Protein chains: 2
Amino acid sequence: MLDKRFILSAFGLALVFESLFMLICAGVSVLYGEADTHTFISSFVITFLTGGICWWFNHRKEKEQLKRESFIVVTAVWVVMSLFGALPYLLSGAINNFTDAFFETISGFTTTGASVINDIEALSHGILFWRSTTHLIGGMGIIVLAVAILPYFGFGGMQLFSAESAGVVNEKLHPKITRTAKSLWGIYVLLVALETIFLLIGGMPLFDALCHSFGTLASGGFSTKNDSVAGYSPYIQYVLVVFMIFAGTNFSLFYFLGKGNWRKLLCNAEFKIYLSIILITSLIITASLCIIDHAPVEQSFRAALFQVSSIITSTGFVSADYSLWHPYLVFLIFLLMFSGACVGSTSGGIKLFRHMILFKNIRIEFKKMTHTHAVIPLKIGKKSVSSEVVYKVLAFLVLYMVICAIGTFLLTFVGMSIDSAAGAVATSMGGIGPGLGSVGPVNNFLHVPHSGKWILSFLMLLGRLELFSVLILFSPNFWRHQ
Amino acid sequence: MLDKRFILSAFGLALVFESLFMLICAGVSVLYGEADTHTFISSFVITFLTGGICWWFNHRKEKEQLKRESFIVVTAVWVVMSLFGALPYLLSGAINNFTDAFFETISGFTTTGASVINDIEALSHGILFWRSTTHLIGGMGIIVLAVAILPYFGFGGMQLFSAESAGVVNEKLHPKITRTAKSLWGIYVLLVALETIFLLIGGMPLFDALCHSFGTLASGGFSTKNDSVAGYSPYIQYVLVVFMIFAGTNFSLFYFLGKGNWRKLLCNAEFKIYLSIILITSLIITASLCIIDHAPVEQSFRAALFQVSSIITSTGFVSADYSLWHPYLVFLIFLLMFSGACVGSTSGGIKLFRHMILFKNIRIEFKKMTHTHAVIPLKIGKKSVSSEVVYKVLAFLVLYMVICAIGTFLLTFVGMSIDSAAGAVATSMGGIGPGLGSVGPVNNFLHVPHSGKWILSFLMLLGRLELFSVLILFSPNFWRHQ
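Rules used in this analysis
Residues numbered from 1 in each chain as written. Chains lettered and ligands numbered in written order. Predicted model: local features only at pLDDT ≥ 70, side-chain atom pairs only at ≥ 80, totals over all residues. Heavy atoms only, no water. Helix = DSSP H or I, 4+ residues; strand = E, 2+ residues; numbered from the N terminus. Rg over C-alpha atoms; globule rule 2.2 N^0.38 Å. Buried < 20%, exposed > 50% of the residue type's maximum accessible area, 1.4 Å probe, protein only. Contact = heavy atoms within 4.5 Å. Areas by Shrake-Rupley, 256 points an atom, 1.4 Å probe, with all protein chains shown as cover. Least-squares fit on C-alpha atoms with pLDDT ≥ 70 in both. Salt bridge = Lys/Arg side-chain N within 4 Å of Asp/Glu carboxyl O. Polar contact = N/O pair within 3.5 Å; in protein donor to acceptor, adjacent residues only side chain to side chain. Core = buried A, V, L, I, M, F, W, Y, C linked by side-chain atoms within 4.5 Å. Buried area = accessible area lost by both parts, 1.4 Å probe. Axes fitted to C-alpha atoms, helices over the stretch in contact; angles between N-to-C directions. Parallel < 35°, antiparallel > 145°, perpendicular 65-115°, else oblique. Left-handed = near helix turned anticlockwise from the far one by under 90°. Nonpolar A, V, L, I, M, F, W, Y, C, P; charged D, E, K, R; others polar. Expected span 1.5 Å × (residues − 1). pLDDT = per-residue confidence, 0-100.

Focus on the overall build of chain A
- Within chain A, the secondary structure is distributed over 21 helices and two strands.
- Over its C-alpha trace chain A gives a radius of gyration of 22 Å, about what one expects of a compact globule, namely 23 Å for 482 residues.
- Its C-alpha atoms give chain A principal-axis dimensions of about 70 × 65 × 50 Å.
- Looking at chain A as a whole, 63% of its 482 residues are labelled buried.
- Considering only intrachain contacts with a sequence separation of at least 6, the fraction spanning at least 24 residues in chain A is 72%.
- With an accessible surface of roughly 17800 Å², chain A has 69% of that area assigned to carbon and sulfur atoms.

If you want it as C-alpha cells, here you go:
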C-alpha cells in the first residue's frame, strides 16, 4: 500500500514553500505600484491554503520504508508546483491559456529557460520577478536532487561522482541530507549575491541584476529583456560567463574551496575537462568568426565564449544569434547541447562524468585489442568505476538518445520541421532554452502547437530528473511491487 | 617486427582474385561488342600482374603469430582493392577523376551503393557489370569478415552472436574459416541465382537481373537505371523486397535451414525483432501515406515496405522518393539508418543484436530500481551476455555516434548543409546509399566536394569494418607493440 498521506504532506510542504515566494513577488508589485499585487495575493492564498491542507496530513513514519513514495514525490512535486506556479501568469493575464502558462512555469522550475512570451519587456516587474524566481526555486530543488536524492537512488551512475567529489553525501538519505542541502544552498545563495553585486558594479539596475543572477546560478536563462543579454556591456557579459561557469561546476567543489581546499577543485578530472571543452570550442568558434566572417577578435571571442558557456552549462542566455553562424558552428552548438556540465551542479543534460566514463571505456577496448588477456580497470581520476556504474551510464545514454529520437519524431508529427524539432528536443532534454530553426536563439516557443508544448514540458522534466526517476513511474512493475 | 611479406602476399591474393572479375567484365564487353573491352583487359593485366608480384612474397608461417598483420590486412585490403577497382572507371572515361572513381569503387566494395554517376544508363554494359560486381565481391568479403574474422578479433561484441547462432565458427581462425566461408558463399551464390531467376520471371532482362541480384544480396544498392528500381513492376519490387530481407538475415540461419532446421530461424530473437521492425515501420508509413496523402493502399504499402526494407538492410535501392514524404516519415527513415539488420548478414551499420543488448540493459536497470539487491543477468534468447560483451557493445555505440558527429561536423565544414551532411554520414556509416537533402534518394554524391568524398569513403570503410578494426591502426599503441 502506498502511503498517500506521506505524499500529500510532501506536496503540501512544497506548496507552502512556493507560496512564500509568491508573497515576495506581491511585495515587488507593491514596490513598483503595479496592479499585479492582487494577482500574487490570490496566487499566494490559493497555493498556501492548498499546501497547508495537504501538509495537515503529515505524520511521522520510519523513512526507510518510503522508497516508492519518494520516487513519486520526486517527480510529481515538480508537476504540482508548476500547476500552482502557473497561477500568477494566468491571473495577471500575462499568458492567456493554461498550456502556455504551464510550459513557462515548468521551463522555469526545471531551469530550462524556454519561453512562450513574445514581449518580455511588456511584463510587469512582479511577473518578471516571479518568472526568475521559478529558476531560483528550481535551482534549489536541483541541488538537493543532484547531490543527495538522485545519487541515493543510484540513477544513471550519479552515486559515484557525487560520493567521490563531495564527501558530504552519505549512503543514508537521513539525516545527512538536511545538512548537505543547507551547506550547498548557502553556497548557492552566496553566489547569487556575489553575481548581483558584480552586475550592479557594471551598472545593471538591482531588479535586473537579481533576475539575471537567479537565471545564471540556476543555469536557467530567463532574462528581463527581449534580446536576452545581447544589449548589455561586454563587462556584464563576461560577468555572466564567469557565473554561468560557476553554475556548471560541481557545487561540492565550492564547499571544499570554502574550507581552503583548492586542490579538490584543481585536481578534479571532470572540472578540468569542463574548462577544456569551453576553451577549445570557444577558440574554434572565435577563429572561424574572425577568419571567415572577418569579425573583430574580442567581439568574436566574447560571442563564442558566451554562447558556448551558456549552452554547455544549460543556462541559455543569448548574446549573439548563433543560428546565423556557419552551419558547422551551428552543428557544434547542437552537439554541445548533448554535453552538459559537471555533476552536482545546477546544469542539466547528460553531464561530463558520463561522457568521461563512456570515452574511457572506448580507450580500454582499444587497449584490450593489443593486450588480449589484460584486465584493465576503468578509472576516473584515481577511482575505479564499477561495472555496475558503467551499466547505469550506458542505460542512461541509450535511453537519452532514444527519448530524443522519439521526441523529435513526435514533434515532427505535430508539424515542426526536423531541425526545429531536433533542436527543441535537445534543448528541452538538456534544460538549456534556445534551440535551432524556428525555436532558435532569437525565437521562442510560442508558435509550437499545444501538443508539442506538452511533449516538451515532459521532456524538460525527464531531462531534469535524470530520466529514470520519471520513467520508473510508468513501469507496471513499480505499481505492482508492494 | 611486422611481417611485411605476409601483408604483401595477402594483398596479392586479393588483387589476383579481383582481376579475374575484371576478365569476366571484359567478356561482357565482348558480348555486347563494346569498345570497353580493352579497358578491362588493361585493368586485368595491371591488377593481375601487381597481384601476382605481391603474391610471390608468399611464405608459410605459423598464423597465430600474425595478429597485427591480420589487422592491417583486414582494413588495407579494401583500400588496395578499391585503388585497382577504380581502374575500369578511369581507363574507360566513365568517371574522369580519381576521387570520384575511388569513391564509386569503395562504395561498391563496402556495398554502400552511394554513387557519383549522373547518367547511369549512359554507361556501357561492361562498366555497369563491373559496378555491380564490386558489390558481389564486397558481399563475399563481408561474409568472411562478419562470420569468421571480426568475431575472432572480438570487435564490438560480435563474437557472441555469430558464435551462438552459427555454431560453425570456431575460436581458432584456421582451418575452420575456409570451411565456414565456403558454405556461406554457397548460400550467397545460391540466393543470387534464385533472385536472378525470379527477376527473369518478372520480365527483367538477364543482364539487369544479374546486376540487381548482385546489388541485393550484397545489400549494396547499385542499379542499372537512373531512377533505381522505381520503374519496375510491382512484382519485381516485391521480389527485391524479399531478397533484400534475405540479405539482412544472418546467413548461418540459412545454413541451418538447408539442413532442415526451421526452428533455428523461427526461434532466433534477432530475426523476429528484424521482421517486426520492418512490419511495424512499414505499416506506420503506409497508414500515413494512405490517410494523409490519400495514396492508394497497395501502392503506399509497397512504397513503405520497399523503402523500409531497403534502408534497414542497408541496401539502398529506391522505389519512391521518401524525401517528399512528411518530415516525420523522413525522420523515421533517418532513424532506420541507425538500425541495421542482423549480424552475420551482408547488411551494415549498428545491427540489431547491439540494439537488443542496449535495450535489455535499460530494462534491467528499471528492474533493479524496484528490486534493489537483485542480480539480474542480461540474456538474449536463452544465452547470458557477459559484461565483457556489454562493454564492447557500449564502446561500439558511443564510438559510432561520436564518429557520426565528427563526420557531420567535417562535412558541414566543407560546405554541406546540416541535414545533407547528417544524411550523408548516416548512410555512409550504415553502408546504405541514399541519404537526405542534397544526397537524397533521387540525388547522388557528385556535387559533394572532393574532401567530403574522401571523408565519406573513410566512413564507409569504418562502418563496414565495424569501426575498431580500422581505428586500431591509428592507435600509437598498435605500432609500438611488438
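Back to the write-up after that little detour.
Comments concerning the relation of the copies chain A and chain B
- In the superposition of chain A on chain B (RMSD 0.0 Å, axial shift 0.0 Å), the rotation amounts to 180 degrees. Taken together, the rotation and translation relating the two chain copies correspond to the operation of a two-fold axis. Relative to the rotation axis, the closest C-alpha in chain A is found at leucine 394 of chain A, a distance of 3.3 Å.
- A share of 100% of the interface residues of chain A reappears at the interface of chain B, consistent with the copies meeting face to face through the same patch.

Notes on the pattern of salt bridges
- By the definition in use, this model includes 16 salt bridges over all chains.
- A salt bridge links lysine 351 of chain A to glutamate 466 of chain A; its shortest N-O distance comes to 2.7 Å. In this pair, lysine 351 of chain A is assigned in the loop between helix H15 (327-336) and helix H16 (352-370) and glutamate 466 of chain A in the loop between helix H19 (450-464) and helix H20 (468-471), connecting sequence segments 115 residues apart. Accessibility assignment for this pair places lysine 351 of chain A and glutamate 466 of chain A in one class, buried.
- Among the salt bridges present, the one from glutamate 365 of chain A reaches lysine 368 of chain A, with a minimum N-O distance of 3.3 Å. Residue glutamate 365 of chain A and its partner lysine 368 of chain A are both found in helix H16; the two are separated by three residues, about one turn of the helix. Taken individually, glutamate 365 of chain A and lysine 368 of chain A each receive the classification buried, so the pair is uniform in this respect.
- One continuous salt-bridge network, built from bridges that share partners, spans Glu365 and Lys368 of chain A together with Glu388 and Lys392 of chain B.

Here's the deal with the side chain of aspartate 100 of chain B
Residues and elements named next belong to chain B.
- Looking at the element boundaries, aspartate 100 is found in helix H5 (residues 98-109).
- Accessibility expressed as a relative area gives 5% for aspartate 100, which makes it buried.
- Polar contacts involving the side chain of aspartate 100 include one to the side chain of lysine 453, which spans 2.6 Å.
- For aspartate 100, the contacting residues outside a window of four places in its chain are Ile95, Val116, Leu446, His450 and Lys453.

Considering the nonpolar core
- Membership of the largest hydrophobic core comes to 318 residues, with the highest contact counts inside it found for Leu467 of chain A together with Leu467 of chain B.
- Apart from residues no more than four positions distant in its own chain, leucine 467 of chain B is found in contact with Phe396, Leu399, Tyr400, Ile403, Met429 and Leu462 of chain B.

Some remarks on the interface of chain A and chain B
- Taken together, the contact between chain A and chain B spans 45 residues of the former and 45 residues of the latter.
- For the pairing of chain A and chain B, the buried interface totals around 4400 Å² over both sides, and the portion due to carbon and sulfur atoms is 77%.
- When residues of chain A are sorted by the area they lose upon contact with chain B, Tyr328, Met369 and Tyr391 of chain A head the list and together hold 15% of the total.
- Between the two partners, chain A and chain B, sit four salt bridges.
- A salt bridge links lysine 392 of chain A to glutamate 365 of chain B, with the shortest nitrogen-to-oxygen separation between them at 3.1 Å.
- The tally of links between chain A and chain B comes to six residue pairs in polar contact (both at pLDDT 80 or more).

Structural notes on the environment of leucine 467 of chain B
- Mapping leucine 467 of chain B onto the fold places it in the loop between helix H19 (450-464) and helix H20 (468-471).
- Through-space distance from the C-alpha of leucine 467 of chain B to that of aspartate 208 of chain B is 33 Å; in sequence the pair is 259 residues apart.

Observations regarding the packing of helix H16 (residues 352-370) of chain B against helix H17 (residues 387-413) of chain B
Residues and elements named next belong to chain B.
- Interhelical geometry of H16 versus H17 gives an angle of 110 degrees and a closest axis separation of 10 Å. Between H16 and H17, the angle falls in the class roughly perpendicular. Once H16 is placed against H17, the crossing between them reads as left-handed. Seen from H16, the contacting residues are Arg354, Ile357 and Leu358; seen from H17, they are Val389, Val390, Val393, Phe396 and Leu397.
- Here the residues of the contact of H16 with H17 sort into seven nonpolar, no polar and one charged.

Quick look at unusual backbone geometry
- One non-glycine residue, serine 228 of chain A, lies in the positive phi region at around 55 degrees.
- Examined against the element boundaries, serine 228 of chain A turns out to sit in the loop between helix H9 (206-217) and helix H10 (234-247).
- Take serine 228 of chain A: its relative accessible area is 10%, and that puts it in the buried class.
- Here the phi dihedral of histidine 294 of chain B falls at roughly 55 degrees; this positive angle occurs in a residue that is not glycine.
- Relative to the assigned elements, histidine 294 of chain B resides in the loop between helix H13 (269-293) and helix H14 (297-312).

What about helix H10 (residues 234-247) of chain B?
- Across its 14 residues, H10 of chain B extends 20 Å between first and last C-alpha, which sits within 8% of the 20 Å expected from 1.5 Å per residue.
- Every buried residue belonging to H10 of chain B is among Ile236, Gln237, Val239, Leu240, Val241, Phe243, Met244, Ile245 and Ala247 of chain B, and all of these are buried.

So, the packing of helix H9 (residues 206-217) of chain B against H10 of chain B
All names here are of chain B.
- Where H9 meets H10, the closest approach of the two axes is 8 Å, and the angle between their N-to-C directions is 40 degrees. Relative to H10, the element H9 is oriented oblique. Residue-level contacts link His212, Thr216 and Leu217 of H9 to Leu240, Phe243, Met244 and Ala247 of H10.
- Across the contact of H9 with H10, the residue classes tally to five nonpolar, two polar and no charged.

Quick word on the environment of phenylalanine 129 of chain B
Residue and element names in this part refer to chain B.
- Within the element layout of this structure, phenylalanine 129 appears in helix H6 (residues 125-153).
- Separated by 82 residues in the primary sequence, phenylalanine 129 and cysteine 211 place their C-alpha atoms 6.4 Å from one another.
- Once residues within four sequence positions are removed from consideration, phenylalanine 129 is found in contact with Ile24, Cys25, Val28, Phe207, Leu210, Cys211 and Phe214.

Observations regarding helix H17 (residues 387-413) of chain A
Residue and element names in this part refer to chain A.
- With 27 residues, H17 should cover 39 Å at 1.5 Å per step; its first-to-last C-alpha distance of 38 Å lies within 8% of that length.
- For H17, the buried fraction is high: 20 of the 27 residues fall into the buried class.
- Two residues or fewer past H17, glycine 415 is found with a positive phi of approximately 115 degrees.

Some words on the confidence of the model for chain A
Residue and element names in this part refer to chain A.
- Looking at chain A as a whole, the pLDDT averages 88, with 90% of positions reaching at least 70.
- The model gives residues 160-174 a pLDDT under 50, and that stretch makes 36 contacts with residues more than four places away or in other chains.
- Listed scores for the predicted complex are pTM 0.92 and ipTM 0.91.

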